Every structure is written in C-alpha cells, then in structure tokens.
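For reference, the chains in residue letters:
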Amino acid sequence: MKRNFGKYDVPPTLQILIDLEKELGESELFYEGLHFYLSLTDFRYFNTPSDVIVFGHIGADGIHYGFLTDYGSVSELEEAPIVCVCPMDFDQPTRLIAKNLREFLRINCTDDALFYNDFTNEDSYLSFKAEQEVDNVLHPLSEIQSLNKVRIKSFLEENIQMPIIDNPYRYIQMIRLQRQKMVSIKTQDGLGVIAPSLAHETHIPFEINQDIDLDLAALKAYFSTASIPSHYAIFRDIQLHYVLSDEPLLRKIVLESMINIGLTDEANRLS
C-alpha cells in the first residue's frame, strides 16, 4: 500500500469506504452495492500512469479507478481528480471521470457505465440507460441483493457529502473540457500536462512512436536538458506506447530521469 500511495495519506472519503467494506464483511457485498472492488496495493497495468494512485477495479478487462496526482502536485487526495484506466484501450486508456472521489461516488451509484464505455453522444447514452432499465425488469435482483444495495446507499448518504449531479453525461464532458483548458502540454494519451513552464522555458517535443525505433541515447540527452513539464509529457507518451517491463534499457532511463527530478513515488510505482 505504501508504494501505491507514496507520500499521500488515505483520504477521509476513501477511509469511509474501507470501513464500509469491513462492516459488510466481504468484498462481494461491497461490489454489489458500489460496482467496484477496493484495491489499494499493487493493481496496476503497464499503461496505468505513474502519477495515478489506484483505489479500485471493476473485476473485468483490467478496468480500474484511481486518483490523478499530476506528478505529485495535488496537495491531498480528497480533492484529487478521479480517472478510469481501461488498459485494453491502447489509444486512450486513461479517462478523466470526476473532480474528486465524492463526485465519483455520486455518479457511480447510478451511472457507472459512463466511466468505461464510449458513447458518441448523449442520446446514445440515454438509449443505453433505457436498455439497462428493461434488463433490470427482466432480471431483477434477489431480495437479499436489493436489501444490501439499500443498506449501502443509506450508508453513503449518511456518511459522505456527495453533491447532486443532475446530468452525469454532461458533467463528465464539462470536466474534460475544463481539463483541456488547463493543459500546458498536450500528450498522446489525452491527459496532458498541467504544470506550467517557467518564463525562460520552451517545450521542445520528442517524438515517441512505436512505429519508429526509439533512439535511447537521444532520449537520455533530451532528459538532461528538458524542462520539468517536458519530462512529464514524455513520461505519459512512453507509457502509452511501451511496456516498460519488456524494455529494460528504456525503463532504466525513465526511472533515472524520474528520480533526478524528484519523482520518487512515481518511479517506485513503475518498479
């Protein structure tokens, strides 16, 4: 757990969820009510960003949730953005889904499919919701399952201040647009870098593309002179295109570069 959380403490809202799982007595009951399992230690894939602290997974296709720390710039996890990582989506595995854990939980109670499915527009999502409602009528929960869901919903309402979100689909579109307005350097995974460059710094791109042989010597030289935000951008692009456990020399350069600029927690997560 220490390697996953690094310098951060477990945030209060997550601690409430941990206490809830203990009270329920088993992870399956927790999953029935919240549609994900808690996972606080080493649940990571090769393309889980190094600045994401994982807290849960849905039990299918490796899909997991985490706090986006933006390379340690978030002051506390209680207010950190929440992302969903779909590791099988190689083009854009990581998606922003909530401003913080409380807002994530509000949407998760009724609209968790928004987190890991792609809907071309709001109408397509509403059609999906309508199909879900029909399926729920045809395949109702057992009495025990229904009681468990009610129990968990009541627990959340009593213990966590979850804000009202009238339109979850538009909410997610809005926060993604807000994120893009904050981005100082775009990255191929769509997350971008929000750390601003200093007045005298200029971001010089370094091409990362699996179809082109990566010049490791040139990459190492680039890291020796690049700005901190440029480092962040390259780290994101490399994790999108390479399985670092299969590339020992590249992995060594990345880890050394992270440690050189103080990203000890991120380096630990990759190692």
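Shown above is the structure to which this text applies.
Residues numbered from 1 in each chain as written. Predicted model: local features only at pLDDT ≥ 70, side-chain atom pairs only at ≥ 80, totals over all residues. Heavy atoms only, no water.

Caption draft 1: Examining helix α10 (residues 228–241) more closely. Helix length check: α10 (14 residues) gives 21 Å between terminal C-alpha atoms against 20 Å at 1.5 Å per residue, within 8%. Most of α10 sits inside the fold, with 13 of its 14 residues counted as buried. (Helix = DSSP H or I, 4+ residues; strand = E, 2+ residues; numbered from the N terminus. Expected span 1.5 Å × (residues − 1). Buried < 20%, exposed > 50% of the residue type's maximum accessible area, 1.4 Å probe, protein only.)

Caption draft 2: Looking closely at the pairing of strand β3 (residues 64–68). Across the five residues that make up β3, a large majority, five, are buried. Direction of pairing for strand β2 (residues 52–57) relative to β3: antiparallel, over a ladder of five bridges. Residue pairing in the sheet places His 57 in a bridge with His 64 of β3. Adjacent in sequence and paired antiparallel, β2 and β3 are bridged by six residues, among which Gly 59 carries a positive phi angle near 85°. (Pairing = 2+ DSSP bridges.)

Caption draft 3: The pattern of salt bridges, seen in detail. With the rule as written, the count across this model stands at 14 salt bridges. The partner of Arg 236 in a salt bridge is Asp 70, with the nearest N and O atoms 3.5 Å apart. Here Arg 236, found in helix α10, pairs with Asp 70, found in the loop between β3 and β4 (82–85); they are 166 residues apart in sequence, far enough to count as distant. Residue Arg 236 shares its accessibility class with Asp 70, and that shared class is buried. In this structure, a network of salt bridges that share partners links the residues Asp 51, Asp 70, Arg 179 and Arg 236. (Salt bridge = Lys/Arg side-chain N within 4 Å of Asp/Glu carboxyl O.)

Caption draft 4: Up close: the layout of surface pockets. For the largest pocket, the calculated volume is near 1,000 Å³. If you trace the largest pocket, you find 33 residues lining it, with His 35, Cys 109, Thr 110, Asp 112 and Lys 149 closest to the centre. Listing elements by their share of the lining of the largest pocket, those giving two or more residues are α3 (27–34), α4 (101–111), α5 (113–116), α6 (122–138) and α7 (143–159). Among the elements that take part in the lining of the largest pocket, α7 stands out by supplying eight residues, more than any other. Residues of the lining of the largest pocket, tallied by class, amount to 15 nonpolar, eight polar and ten charged. Taken as a whole, the second largest pocket encloses approximately 360 Å³ of empty space. (1 Å grid on protein atoms, 1.4 Å probe; cavity = no way out; pocket = protein on both sides within 12 Å on 5 of 7 lines; lining within 4 Å. Points joined across faces, edges and corners; volume = space filled by probe spheres on them. Nonpolar A, V, L, I, M, F, W, Y, C, P; charged D, E, K, R; others polar.)

Caption draft 5: Just the sheet that holds β4, in detail. If you trace the five strands from one edge of the open sheet to the other, you get β1-β2-β3-β4-β5, paired in antiparallel fashion. Every other strand in the sheet has two partners, leaving β1 (37–38) and β5 (94–98) as the edge strands with one partner each. Sheet topology places β3 next to β4; four bridges connect them, and they run antiparallel. When the sheet's bridge partners are listed, Tyr 65 is paired in β4 with Cys 84. Across the face of the sheet, α4 comes into contact with β2, β3, β4 and β5 while running at roughly 90° to β5. Those strands touched by helix α8 (residues 168–182) are β3 and β5, and its axis lies near 115° from that of β5. (Contact = heavy atoms within 4.5 Å. Axes fitted to C-alpha atoms, helices over the stretch in contact; angles between N-to-C directions.)

Shape descriptors only; they carry no functional weight alone.
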